[in-house]
Amino acid sequence: MSVPLMRRTASFDHQSPVSEHSAGLALRGFALIGAFWFLTADYLLVYFSSDDLMNLFQSVGKGWDQLRGLILFGSSDYVRPVGGLLYLGLYSLFGLHSLPFKLLMLLVLTVNLLLAWRIAALLFGDSRLGALVALLVLYHPSEKLDVWYNFGNFATIYDIVCFTLMYAAFWIWLEARRGGRVPGLTVVLGVAALQILA
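Criteria and cut-off values
Residues numbered from 1 in each chain as written. Predicted model: local features only at pLDDT ≥ 70, side-chain atom pairs only at ≥ 80, totals over all residues. Heavy atoms only, no water. Helix = DSSP H or I, 4+ residues; strand = E, 2+ residues; numbered from the N terminus. Buried < 20%, exposed > 50% of the residue type's maximum accessible area, 1.4 Å probe, protein only. Contact = heavy atoms within 4.5 Å. Phe/Tyr/Trp six-rings, centres within 6.5 Å; stacked < 30°, edge-to-face > 60°. Core = buried A, V, L, I, M, F, W, Y, C linked by side-chain atoms within 4.5 Å. Expected span 1.5 Å × (residues − 1). Arc of directions from axis to C-beta. Salt bridge = Lys/Arg side-chain N within 4 Å of Asp/Glu carboxyl O.

Caption draft 1: Quick look at the overall build of the protein chain. A count of helices and strands for the protein chain gives eight helices and zero strands. Traced from its N-terminal end to its C-terminal end, the protein chain shows the element sequence α-α-α-α-α-α-α-α. Burial analysis of the protein chain (198 residues in total) assigns 38% to the buried set. Put simply, 76% of the contacts in the protein chain that link residues at least 6 apart link residues at least 24 apart.

Caption draft 2: The packing of aromatic side chains, seen in detail. This structure, assessed with the given rule, holds six aromatic pairs. Arranged with centres 6.0 Å apart and planes meeting at 40°, the rings of Tyr87 and Tyr158 form a pair that is tilted. One end of the pair, Tyr87, is in helix α4 (residues 81–94); the other, Tyr158, is in helix α7 (residues 157–177), with 71 residues separating them in the sequence. A relative accessible area of 12% places Tyr158 in the buried class. Grouping aromatic residues by their ring pairs yields a cluster made of Tyr47, Phe48, Tyr87, Phe101 and Tyr158.

Caption draft 3: Region of the structure containing the environment of Leu39. Along the chain, Leu39 falls in helix α2 (residues 22–40). Note: C-alpha distance between Leu39 and Tyr139 (100 residues apart in sequence) is 8.9 Å.

Caption draft 4: Representation of the nonpolar core within the structure. Within the largest apolar cluster, 30 residues are counted, with the highest numbers of intra-cluster contacts made by Leu32, Tyr87, Met105 and Phe154. Ranked by residues supplied to this core, first place goes to helix α5 (residues 98–124) with eight residues. For Phe154, the contacting residues outside a window of four places in its chain are Tyr43, Asp52, Tyr87, Leu90, Phe101, Lys102, Leu104 and Met105.

Caption draft 5: Representation of α2 within the structure. The end-to-end C-alpha distance of α2 is 27 Å, a good match for the 27 Å that 19 residues give at a rise of 1.5 Å each. When α2 is considered as a whole, its buried residues turn out to be Leu25, Gly29, Leu32, Phe36 and Thr40. The buried residues of α2 occupy one face: seen down the axis, they fall within an arc of 65°. Among the exposed residues of α2, those pointing more than 90 degrees away from its buried face are Leu27, Phe30 and Phe38.

Caption draft 6: Local environment of the pattern of salt bridges. Scanning the entire structure with this criterion turns up four salt bridges. Of the charged contacts, one joins Glu175 and Arg178 as a salt bridge, the two residues approaching to 3.1 Å between their closest N and O atoms. When its relative accessible area of 15% is taken as the criterion, Arg178 is described as buried. Put simply, Arg118, Glu175 and Arg178 are held in one network by salt bridges that share partners.

Distances and angles like these do not, on their own, reveal function.
Pasting the structure below:
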């Protein structure tokens, strides 16, 4: 008699997520990343949208003073400071050249794809099922009519980085809970910091 999936994985057994051969894991990882970049690489050729320029104007206007926004969470003058600092940092280094902005965006989306794969593998106890979940995550940012041309510009970096920070916190928590362990203070503070930054 088989145990239901959620009951079987709820304990986060030490052996559950990664029992396959590492060559199979690497192959799935390269396939996911390769498919994502095949579907999205032409985005590197897209220039800034009007939304990008508006966000860039606001970020440059606030300057590096936005760092205070990471500490003063209640201040309405510093909304979404992580994204604003990315805009400002890239503009300070590269000016109005859109390629570095778009490249960073695709790299962060790649990290998100791998995060989704790992989290799903932990929850389902199977890297292959995690890869199937990652395929769903891969599809959304690669659908050009939906993402790149309707609202797909660097301005979505706020949402993309929010996913990265929130799911990184979730991953750390899941790893800490494997085997029924109780997370220590370092894990709790790290998860809290990532959630606050998100």
